[in-house]
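Below, each chain spelled out in residue letters.
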Amino acid sequence: MIPDVVTTIAELRARVLGARHSGASIGLVPTMGALHEGHASLATRARADNGCVVASIFVNPLQFDRQDDLDAYPRTLDADVAALGNLGVELVFAPSPSEMYPVPPELGIDVGRLGDHLCGRHRPGHFRGVATVVMKLFQIVQPDRAYFGEKDAQQLAIIRRLVADFNLPVEVVGMPTLREADGLALSSRNRRLRPEERHLAVALSRALTEGRLAIEAGATDPATVRLAAAQAIPTAPRVRLEYFESVDPETMQPVDRISGTVTLAGALWVGDVRLIDNVRATPPLR
Ligand code: PAF
């Protein structure tokens, strides 16, 4: 199947209304394109759960804190549309920046404390931009369910809270992170890794594994866990661990002591590419 690619909000609304009138539930898979198997798992689940699936492809300028990162973000619309068609997605919403933001938006979603740490601390304004565009997509598509990857744990926590705090009638479905055979989390940014630097990228998932094992072995001090994780990061000129934190899975606040399940989250620079990943870790029962 080749999906219909809709570029205007008016047409998208009309198409979704038509599907709804025919009794279909609506699933939304928001993406920025450059799709990989992780996105495919979201679309596949959305296909199974809903009568009509809309995938959005929009590289949202509001969530980029650096112009060079926005410019370098991979754009592969034709291949993405073909892949979505193979997964049974019938509608692709691919608006231009001027369709989504005809004038620079004055208002935005304040993500509160949820954006204070991890990526929020290192990418000012990022989550305000994410929450704002997701709110707009929810208003435009009005889906019954929306699908997001757990790789972006902080993003997912913020979207869950957005839905709760604003009483949005959307069920948020989080899907597990998919990985390469060596453990590297699938990400649209992986394709920007230089071939000679690809082997370094796996250090982040190794660090998370070391951190998780430390917690499972009884470590309760986040500094000890960070130290264990840092051992997995090679000393190489173009590799830098930006952050590695143990946080509460819902509030995304760093914990002082690990006494229950935490999210371990990290960001690693490999050359010019910034990778993020996370795992859950639970201490042993005492
Ligand atoms: O995860 C992403 O691809 C983006 O942050 C999202 C949710 C599509 C919003 O632009």
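Residues numbered from 1 in each chain as written. Predicted model: local features only at pLDDT ≥ 70, side-chain atom pairs only at ≥ 80, totals over all residues. Heavy atoms only, no water.

*Asks:* Any chance you could break down helix H4 (residues 77-86) for me, citing the residues and the numbers?
*Replies:* Looking at H4, one finds that the buried residues are Asp80, Val81, Leu84 and Gly85. When H4 is viewed along its axis, its buried side chains cluster within an angular range of 135 degrees and face the same direction. Turned more than 90 degrees away from the buried face of H4, the exposed residues are Asp78, Ala79 and Asn86. As for H4, its buried residues are in contact with strand S1 (4-6), helix H2 (37-49), strand S3 (52-57) and strand S4 (91-93). Of the residues trailing H4, Gly88 is marked for its positive phi of about 85 degrees. (Buried < 20%, exposed > 50% of the residue type's maximum accessible area, 1.4 Å probe, protein only. Helix = DSSP H or I, 4+ residues; strand = E, 2+ residues; numbered from the N terminus. Arc of directions from axis to C-beta. Contact = heavy atoms within 4.5 Å.)

*Asks:* Could you give an account of the pattern of salt bridges, with specific residues and numbers?
*Replies:* For the structure shown, the criterion picks out 19 salt bridges. Note that Asp65 and Arg123 form a salt bridge whose closest N and O atoms lie 3.2 Å from each other. Of the two residues, Asp65 is situated in the loop between S3 and helix H3 (67-72) and Arg123 in the loop between helix H6 (118-122) and helix H7 (126-141); the sequence distance between them amounts to 58 residues. Given a relative accessible area of 8%, Arg123 falls into the buried group. The salt bridge partner of Arg212 is Glu216, with a shortest N-O separation of 3.1 Å. Of this pair, Arg212 and Glu216 both sit in helix H10 (residues 203-216), four residues apart, which is roughly one turn of that helix. (Salt bridge = Lys/Arg side-chain N within 4 Å of Asp/Glu carboxyl O.)

*Asks:* Could you give an account of the site of the ligand, with specific residues and numbers?
*Replies:* Every residue lining the ligand is accounted for by Pro30, Thr31, Met32, Gln63, Val133, Phe148 and Gln155. One nitrogen or oxygen atom from the side chain of Gln63 is found 2.6 Å from an oxygen atom belonging to the ligand. The separation between an oxygen atom of the ligand and a polar side-chain atom of Gln155 is 2.7 Å. When the free accessible area of the ligand is taken as 280 Å², the share hidden by the protein chains comes to 89%. (Near = heavy atom within 4 Å. Polar contact = N/O pair within 3.5 Å; in protein donor to acceptor, adjacent residues only side chain to side chain. Areas by Shrake-Rupley, 256 points an atom, 1.4 Å probe, with all protein chains shown as cover.)

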